[in-house]
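Each chain, letter by letter, is given below.
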Amino acid sequence: MKEKRSLLRNSGFQTFSTSILCILLGMFVGYLALLIIEPSGAWGAIVAVIKNFFKYPTGAARLKYFGSTLAKTAPLIFCSLSILFAYKVGLFNIGAAGQYCLGVALALYLAIVLQLPWWVCLLAGIAAGAISGAICGLLKAYFNVNVVISGIMLNWISLYGTNLLLKPAMDPSGKDTFRLVNKAKQALLPTLGMDKLFNNNQYVTIAIPLAIIVAIVIWIILDKTKLGYELKATGNNLHAAKYCGMKENRNIILTMVIAGGLAAMGGALYYLSDFEQWNVNSSAVPGMGFNGIAAAFLGGLSPIGSIFSSYFITHITIGGGNVDLSHYCAQIADFISAVIIYLCGFVLFFKTIMNKWLNKSEEKKIARARAAAEDTNKEGGNA
Amino acid sequence: MEKYAIEMLNITKRFPGIIANDNITLQLKKGEIHALLGENGAGKSTLMSVLFGLYQPEEGVIKKDGEVVKINDPNDANRLGIGMVHQHFKLVECFSVLDNIILGVEPNTAGFLQKSEAKKKVLELSEKYGLQVDPDAIIEDITVGMQQRTEILKMLYRENEILIFDEPTAVLTPQEIEELMQIMKGLAKEGKSILFISHKLNEIMEVADRCSVLRKGKYIGTVEIASTTKEELSRMMVGRDVEFVVAKDPAKPTDVVLDIEGMTVASKMHHNNAVKGVSLKVRRGEIVCIAGIDGNGQTEFVYGITGLEPLKAGKIEFLGKDITKAPIRKRNVMGMSHIPEDRHKHGLVLDYTLENNLVLQRYFEPEFTNKAGFLKKGNIRKYAEKLIDQYDVRSGQGPITPARAMSGGNQQKAIVAREIDKSPELLIAVQPTRGLDVGAIEYIHKQIVKHRDAGNAVLLVSLELEEVMSLSDRILVMYEGEIVGELDPKTTTVEELGLYMAGAKRQS
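Residues numbered from 1 in each chain as written. Chains lettered and ligands numbered in written order. Predicted model: local features only at pLDDT ≥ 70, side-chain atom pairs only at ≥ 80, totals over all residues.

Q: Residue-level account of the overall build of chain A, with values.
A: When you go through chain A residue by residue, the secondary structure sums to 16 helices and zero strands. With respect to the three principal axes, the spread of C-alpha positions in chain A is 100 × 60 × 40 Å. Within chain A, the proportion of its 383 residues that are buried is 48%. (Helix = DSSP H or I, 4+ residues; strand = E, 2+ residues; numbered from the N terminus. Buried ≥ 20, exposed ≤ 12 C-beta atoms within 10 Å, placed from the backbone.)

Q: Can you lay out the overall build of chain B for me, pointing to particular residues and giving the numbers?
A: Along its length, chain B carries 17 helices and 22 strands. Its C-alpha radius of gyration of 24 Å places chain B within 12% of the 23 Å reference for a compact globule of 508 residues. The principal-axis extent of the C-alpha atoms belonging to chain B is close to 70 × 50 × 50 Å. The burial tally for chain B puts 44% of its 508 residues in the buried class. Across chain B, contacts joining residues at least 24 apart in sequence account for 67% of those joining residues at least 6 apart. (Rg over C-alpha atoms; globule rule 2.2 N^0.38 Å. Contact = placed C-beta atoms within 7 Å.)

Q: Explain the domain arrangement of chain B to me, using residue names and the numbers behind them.
A: Structurally, chain B comprises domain 1 (4-238), domain 2 (243-332 + 456-508) and domain 3 (336-423). Computed over C-alpha atoms only, the centres of domain 1 of chain B and domain 2 of chain B are separated by 33 Å. (Domains from an automatic or database assignment.)

Q: Account for the confidence of the model for chain B, naming residues and giving values.
A: Averaged over chain B, the pLDDT score is 87; the fraction of residues at 70 or greater is 95%. Scoring of the predicted complex yields 0.77 for pTM and 0.81 for ipTM. (pLDDT = per-residue confidence, 0-100.)

Q: How would you explain the sheet that holds strand β18 (residues 336-339) of chain B if you had to name every residue and give the values?
A: Residue and element names in this part refer to chain B. Here six strands make up an open sheet; going across it, the order is β18-β19-β20-β15-β21-β22 and the pairing mixed. Looking at strand neighbours, the two that pair on one side only are β18 and β22 (482-487), the edges of this open sheet. Recorded for the sheet is a direction-independent mean angle of 20 degrees between the axes of neighbouring strands. Taken together, the four bridges between strand β15 (residues 287-291) and strand β21 (residues 474-479) define a ladder with parallel strand orientation. Its bridge partner being in β21, Val288 is matched across the sheet by Arg474. (Pairing = 2+ DSSP bridges. Axes fitted to C-alpha atoms, helices over the stretch in contact; angles between N-to-C directions.)

Q: How would you explain the pairing of β21 of chain B if you had to name every residue and give the values?
A: All names here are of chain B. Summarising burial for β21: five of the six residues are buried, a large majority. As paired elements, β21 and β22 share five bridges and run antiparallel to each other. Bridge pairing in β22 places Ile475 opposite Leu487. Where β21 folds back on β22, the antiparallel hairpin that results is connected by two residues, among which Glu480 adopts a positive phi of roughly 45 degrees.

Q: Please set out the environment of Pro250 of chain B residue by residue, giving values where relevant.
A: All names here are of chain B. Along the chain, the position of Pro250 falls in the loop between α8 (230-238) and β13 (256-266). Judged by C-beta crowding, with 8 C-beta atoms within 10 Å, Pro250 ranks as exposed. With 35 residues separating them along the chain, Pro250 and Gly285 place their C-alpha atoms 9.6 Å apart.

Q: Got a sec to walk through the interface of chain B and chain A? Specific residues and values, please.
A: Between chain B and chain A, the residue contacts involve 24 residues of the former and 17 residues of the latter. Going through the elements one at a time, α10 (328-334) and α11 (343-347) of chain B are the ones with two or more residues in the side of chain B that touches chain A.

Q: An account of helix α1 (residues 11-37) of chain A is needed here, citing residue identities and associated values.
A: Spanning 27 residues, α1 of chain A covers 39 Å between terminal C-alpha atoms, matching the ideal 39 Å at 1.5 Å per step. Within the span of α1 of chain A, buried status applies to Thr15, Thr18, Ser19, Cys22, Gly26, Gly30 and Leu34 of chain A. (Expected span 1.5 Å × (residues − 1).)

Q: Hey, could you go over the nonpolar core for me, with residue numbers and the actual values?
A: Core analysis: the largest hydrophobic core is formed by 109 residues, its most contacted members being Ala107, Leu108, Ala268 and Leu272 of chain A. Ranked by residues supplied to this core, first place goes to helix α12 (residues 248-272) of chain A with 16 residues. Once residues within four sequence positions are removed from consideration, Leu108 of chain A is found in contact with Leu166, Ala169, Thr177, Tyr271 and Trp278 of chain A. Counting 83 residues, the second-largest nonpolar core is a separate cluster that includes Ile339, Ile388, Ile475 and Val484 of chain B. (Core = buried A, V, L, I, M, F, W, Y, C linked by C-beta atoms within 7 Å.)

Q: How would you sum up the packing of helix α3 (residues 59-88) of chain A against helix α14 (residues 303-320) of chain A? Please name residues and give values.
A: Residue and element names in this part refer to chain A. Contact geometry of α3 with α14 gives a least axis separation of 8 Å together with a crossing angle of 135 degrees. If you check the angle between α3 and α14, you find them oblique. Remark: the crossing between α3 and α14 carries right-handed chirality. Along the contact surface, α3 presents Thr69, Lys72, Thr73, Leu76, Ile77, Ser80, Leu81 and Leu84, while α14 presents Pro303, Ser306, Ile307, Ser309, Ser310, Tyr311, Ile313, Thr314, His315 and Ile318. Each residue belonging to the contact of α3 with α14 can be placed in one class, and the counts come to nine nonpolar, eight polar and one charged. (Parallel < 35°, antiparallel > 145°, perpendicular 65-115°, else oblique. Left-handed = near helix turned anticlockwise from the far one by under 90°. Nonpolar A, V, L, I, M, F, W, Y, C, P; charged D, E, K, R; others polar.)

Q: Account for helix α13 (residues 377-391) of chain B, naming residues and giving values.
A: Residue and element names in this part refer to chain B. For α13, spanning 15 residues, the distance from its first C-alpha to its last is 21 Å, which sits close to the expected 21 Å at 1.5 Å a residue. Ile380, Ala384, Leu387, Ile388 and Tyr391 are the residues of α13 that are buried. The buried side chains of α13 occupy one side of the element, clustering within an arc of 100 degrees when seen end-on. Away from its buried face by more than 90 degrees, α13 exposes Gly378, Asp389 and Gln390. Summarising the contacts, the buried residues of α13 are in contact with α12 (354-358) and α14 (408-421). Among the residues trailing α13, Asp392 stands out with phi positive, at a value near 55 degrees. (Arc of directions from axis to C-beta.)

Q: Account for unusual backbone geometry, with residues named and values stated.
A: Working note: non-glycine residues mostly have negative phi, and peptide bonds are mostly trans. Residues and elements named next belong to chain B. Despite not being glycine, Asn10 has its phi angle at roughly 50 degrees, a positive value. Relative to the elements of secondary structure, Asn10 occurs in strand β1 (residues 4-15). Asn10 sits in the partly exposed class, given 14 other C-beta atoms within 10 Å. The residue Ala110 is not glycine, and still its phi comes out positive at about 50 degrees. Following the sequence through the fold, Ala110 ends up in the loop between β7 (108-109) and β8 (112-113).

Q: Describe the pairing of strand β3 (residues 33-37) of chain B, listing the residues and the values that go with them.
A: All names here are of chain B. Counting buried positions along β3 yields five of five residues, so the element is predominantly enclosed. Neither face of β3 is left uncovered, since the one carrying Ile33, Ala35 and Leu37 and the one carrying His34 and Leu36 both have all their residues buried. Both β3 and strand β10 (residues 193-198) contribute to a ladder of five bridges, which runs parallel. Paired with Leu36 across the two strands is Ile197, which belongs to β10.

Q: Break down the packing of helix α4 (residues 96-113) of chain A against helix α6 (residues 147-166) of chain A for me, with residues and values.
A: Residue and element names in this part refer to chain A. Where α4 contacts α6, the two axes come as close as 8 Å, and the packing angle between them is 15 degrees. Relative to α6, α4 is oriented roughly parallel. Of the two elements, α4 crosses α6, and the hand of that crossing is left-handed. Every residue of α6 that contacts α4 at Ala97, Gly98, Cys101, Leu102, Val104, Ala105, Leu108 and Tyr109 is listed here: Leu154, Asn155, Ser158, Leu159, Gly161, Thr162, Leu165 and Leu166.

Q: Explain the sheet that holds strand β17 (residues 321-322) of chain B residue by residue, including any values.
A: All names here are of chain B. The strand order β14-β13-β16-β17 describes an open sheet built from four strands, whose pairing is antiparallel. Only two strands of the sheet have a single neighbouring strand rather than two, namely β14 (273-283) and β17. As paired strands, β13 and strand β16 (residues 313-318) are joined by five bridges and run antiparallel to one another. Bridge pairing links Ile260 to Ile316 in β16.

Here it is as structure tokens:
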């Protein structure tokens, strides 16, 4: 029996609508917080967050800063792909932040210290993240160490390891590594002329199309291939995977290798685009790995969805930088985007609520229909 | 007027799309054993959930000792002295047996647990009723059988007035069942009222005073056991005559498919080996049954053959090849199928759709995966539709139904379909009809016999004596990890089988 199912039951539609709901709610709560702190500037601030590059008066400037937003979106896409890929296999890759660091470390070291071309730097970065992921995977597969624990530990090891490795690449005039444009031009990512499209924004590189391509590849792997079938089965039911002869340990390790490689690829590509330099004294794990969690969930754990959710999160994060600081302290930008990102995590929660509500209304409908049918029966009996 | 301990009058409970209980009346007299009979899905569980306040009925009232009571939640039911051994155990997996028994009624002084006293009481009860448990064992480590015994003790510990047994005998030997029957009769004599939910007609005939029958949510009637017959009851339950014995020709065993020598498998629960040097042969065209009480090494024995656990010692030959160390996939591809004991743990990926579950053993074959590693979803759909049609697997949305959303019986049918359709040379079926209703059991038994008649070997592991007696061609009894006897189902009796299962008798 095939029933017609309402659009509201469609999983894709549910994800989309609940994501939008989360975004709106996040902005509303953010606005409330601003109102509490300082009412006079609240509206201006929230508008600045949403506007981001639209604040510039000319189309050319808007285009340029749109390019910068995209350049910052690319690494977030990779991080959210890393999170969601592992998540589909039942693993929570909180180590994405550390893997991201390692990607940066190897890429910049090879670029600045060893003066190697960009693609070698990129591959080395990916390999570093993949190895880090493999460590978590091996520990999980053979010693049943929770990947969250090993991931968090490795985050700190990776962070300080990165600082240590990049000391020789530090620009003596500051605390950051050298700009590639000055010291390692050979390692700059090719732009393929895309910089021209964005009003000569040199940060618009192949990283952006690569992120989208990789997202599509991950979607295909998970949804269309035997490998994806095996990995998801392992994630959903390890015992059943073993029962039907899958190599469940191999699957766990492979998943973590891929997830680690993805996060590291994001880090390597971002720093090879020269948009930012690494602060070799940094004592906090970069937020990119953690924002990847929010982006993955906001995107409904779909690789394609994560492209859009990553863009949105980057958009408001950069927009947060434009908040008028005469009303608020400097942390307000991070605060406001953090509130929005936090509420983005509620997608699954709203989905559950939505389904409950649908079930209830369906139940009522059936009860009503039955009552109506009984009434007509009675009338029929009387007549 | 007779005195009723509990009365459920004209209960109606609806769920979206189905009436689970349609105007059902159940009256339990004081000190009687009242059987509640019905197939799976007849509404027994719903009725009990109503009694326990888990569901509120749309119509009808519940009376205790003639007075209307309102049961809003299980706490209300407990206060009224109603206790139950659920069909699906309600145990805290990571707690010990003792902790589970005292859960909710923990003896304490100023908030500190007084476990030793409780333990004493539990041990007394367990000895008195012959319900063997280790009070300190952790639930997740013990067998299904022991878990059920814990549930029974839980109720006895609470000294409940109205005792509900939801199919309590499924995992016991005939002797133990006999004992339990005596316990139940004794309890009834003491004035406790017992509601005995079962679809085992023999037990109902033996122990119950009266029996109420449900079918498809409707109340069929209540009969005095003294003035009825087994056939009458089964007609009331199913609505037609049922074949109790599986129709099959005598076995014609030919060449050996599975040859096991000295198999020893370590136990995960204790330091002893779970399987101790078992040797046996299974031939084409015969159904060999491993009988035994739950927890005597059958699970580990099957794990050893299928490769889920490594062997400590011994050798397995399958189709003439040594597969002692072969990976699981290789065994499966060679022609071994396994209907697992626990369909949720091993048998299904519950979050996968039905179609994806149906190809779980074959997804890698060229029919379903191309050379580049992409799944051929069209073929998977076609294959799934074929199996669903052929094996009558029912579900809400056909191939795309999540396995989780299917009923237990249909989940089992899906597994049976998947494993038999591989046309394996050796079918290992562990508890293939567990928790299924009479109709589905009949069907699965027919499939197994058909598979044997096609010239394949079947190794059946079952705790259900009726199944063992009616389906197998040869019975091997396993007791404490060893084969203690080989019996011919045509010449042996249930009682004799029971003696072997309990370890009271063995062939040298």
